[in-house]
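Here is how the chains run, residue by residue.
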Amino acid sequence: MRPVIPLADTSHVQPDRTLSPRDAMMSDGLEAQYFDLGRRALELVLFSGRLCDKPHYHDILDLPCGHGRVLRWLRAHYDYARITACDLDRDAVDFCRDRFRADGVYSVPDLRRLAFPGQFELVWCGSLLTHLDAGRWLAALDTLIRWTREFGVIVFSTQGRCYTSLLARGRTNVAENIDKAALLADFAATGFAYQRYFEPEHGDYGVAVTSPEWVGRALQRHPDVILRAYLEEAWGMQDVVILYKKSGHYAPVLGGAAAAAGAAGTTS
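Calculation criteria
Residues numbered from 1 in each chain as written. Predicted model: local features only at pLDDT ≥ 70, side-chain atom pairs only at ≥ 80, totals over all residues. Heavy atoms only, no water. Helix = DSSP H or I, 4+ residues; strand = E, 2+ residues; numbered from the N terminus. Buried < 20%, exposed > 50% of the residue type's maximum accessible area, 1.4 Å probe, protein only. Contact = heavy atoms within 4.5 Å. Salt bridge = Lys/Arg side-chain N within 4 Å of Asp/Glu carboxyl O. Axes fitted to C-alpha atoms, helices over the stretch in contact; angles between N-to-C directions. Parallel < 35°, antiparallel > 145°, perpendicular 65-115°, else oblique. Left-handed = near helix turned anticlockwise from the far one by under 90°. Nonpolar A, V, L, I, M, F, W, Y, C, P; charged D, E, K, R; others polar. Disulfide = S-S within 2.5 Å. Phe/Tyr/Trp six-rings, centres within 6.5 Å; stacked < 30°, edge-to-face > 60°. Lys NZ or Arg CZ within 6 Å of the ring centre and 35° of its normal.

Peer 1: What exactly am I supposed to notice about the environment of Leu63 here?
Peer 2: Mapped onto the fold, Leu63 is located in the loop between strand S1 (59-62) and helix H2 (71-77). Looking at Leu63, the relative accessible area reads 3%, which means it is buried. Counting along the chain gives 24 residues from Leu63 to Asp87, while the straight-line C-alpha distance between them is 6.1 Å. Contact partners of Leu63, with chain neighbours within four places excluded, come to Cys86, Ser107, Leu111, Leu114, Trp124, Cys125, Gly126, Leu128 and Trp147.

Peer 1: Before we go on, may I ask you to explain the pattern of salt bridges in this structure?
Peer 2: When the charged atoms of two side chains with opposite charge come close together, those side chains can pair. Scanning all chains against the criterion turns up 14 salt bridges. Notably, a salt bridge pairs Arg82 with Asp103, separated by 2.5 Å at the nearest N-O pair. Note that Arg82 is positioned in strand S2 (residues 82-87) and Asp103 in strand S3 (residues 103-106), a separation of 21 residues in sequence. In this structure, Arg161 and Glu232 form a salt bridge, with 2.7 Å as the shortest nitrogen-oxygen distance.

Peer 1: Help me out: how do you make sense of the packing of helix H4 (residues 134-147) against helix H7 (residues 212-219) in this one?
Peer 2: How two helices sit against one another is set out by the angle between their axes and by the gap between those axes. Here H4 crosses H7 at 55°, and the two axes come no closer than 11 Å. Here H7 runs oblique to H4, going by the angle between their axes. Between H4 and H7 lies a crossing whose hand is right-handed. Where H4 approaches H7, its residues Trp137, Leu138 and Leu141 are matched on the opposing element by Trp214, Val215, Ala218 and Leu219.

Peer 1: Looking at this structure, I do not really get the packing of helix H5 (residues 161-168) against helix H6 (residues 180-190). What am I missing?
Peer 2: Axis separation between H5 and H6 bottoms out at 10 Å; the angle between their running directions is 130°. Classified by the angle their axes make, H5 and H6 are oblique. Judged by the twist between their axes, the crossing of H5 over H6 is left-handed. Listed contacts from H6 to Arg161, Tyr163, Thr164, Leu167 and Ala168 of H5 are Lys180, Leu183, Leu184 and Phe187. When its residues are assigned to classes, the contact of H5 with H6 shows six nonpolar, one polar and two charged.

Peer 1: Just to check I follow, could you spell out the state of the cysteines for this structure?
Peer 2: Note on terminology: a disulfide is the covalent bond linking the sulfur atoms of two cysteines. Applying the stated criterion to the full structure yields zero disulfides. Here Cys65 stays unpaired: no disulfide links it, and the sulfur of Cys96, its closest cysteine neighbor, is 4.1 Å away.

Peer 1: Any chance you could explain the packing of aromatic side chains here in plain terms?
Peer 2: One pair of aromatic rings is described through two measures. These are the centre distance and the angle between the planes. Within this structure, the stated rule accounts for eleven aromatic pairs. Relative to Phe35, the ring of Tyr34 lies with its centre 5.2 Å away and its plane at 85°, an arrangement referred to as edge-to-face. Relative accessible area serves as the criterion here: at 2%, Tyr34 is assigned to the buried category. One aromatic cluster is present, built from ring pairs that chain together Trp137, Phe156, Phe192 and Trp214. Of note, Arg17 hangs over the ring of Phe35, and the distance from its end group to the ring centre comes to 4.5 Å. Sitting above the plane of the Tyr205 ring, Arg136 keeps its charged end 4.6 Å from the centroid.

Dropping the structure here:
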């Protein structure tokens, strides 16, 4: 495993390390990894602040919040902030609300139907787009941008070339409950691929992989956001995208054609 270069000094940050027994992101013996990923998320948020000249974030959305893997670090650093915890898992939302002074909002599968009282200065969206088909992926991006106020920042993660390379090289502990061959074939053809989980209880969720080029084409639909960074393998094996919202910054020259090209053949 290659060393991870710190993006910010977080040595002073001491989060509440209380864990929920229902936290699906925690596995016995992997506690250090769990907290390292939370710390890394905070580093990425602080890095986004430097890129976008945002020394403070006063209104933060964490979606999906889980049981606070990232939110506990955001709360520890941004003690003054209003933080909204949002997830389909209601127990997770309740835990974050009660433990980390968050405003709890229960999510819904179709994010377009989810409303908040106001917009956010920062939206952190870790490991959500990594599980959506192309239509829902694009709709989720639209929604994240709509929820972000002017001059606000969006930080979201994707699965990219690291994940597909591991699958192509035969790693067996990455994903055994999808059609890996079909996922790799679609990714090679279009730069986007989605395969639903075999287990019916997971519903309409699976694994989505996106190339940097595909993400770039998808962003052409949004002349009101600036791509400040695309960082491969920045959050564990996931890539991280940092956007800055500024209405009308770009002329929509590439919008329609690029969006069609970006989504072509990815509606599975």
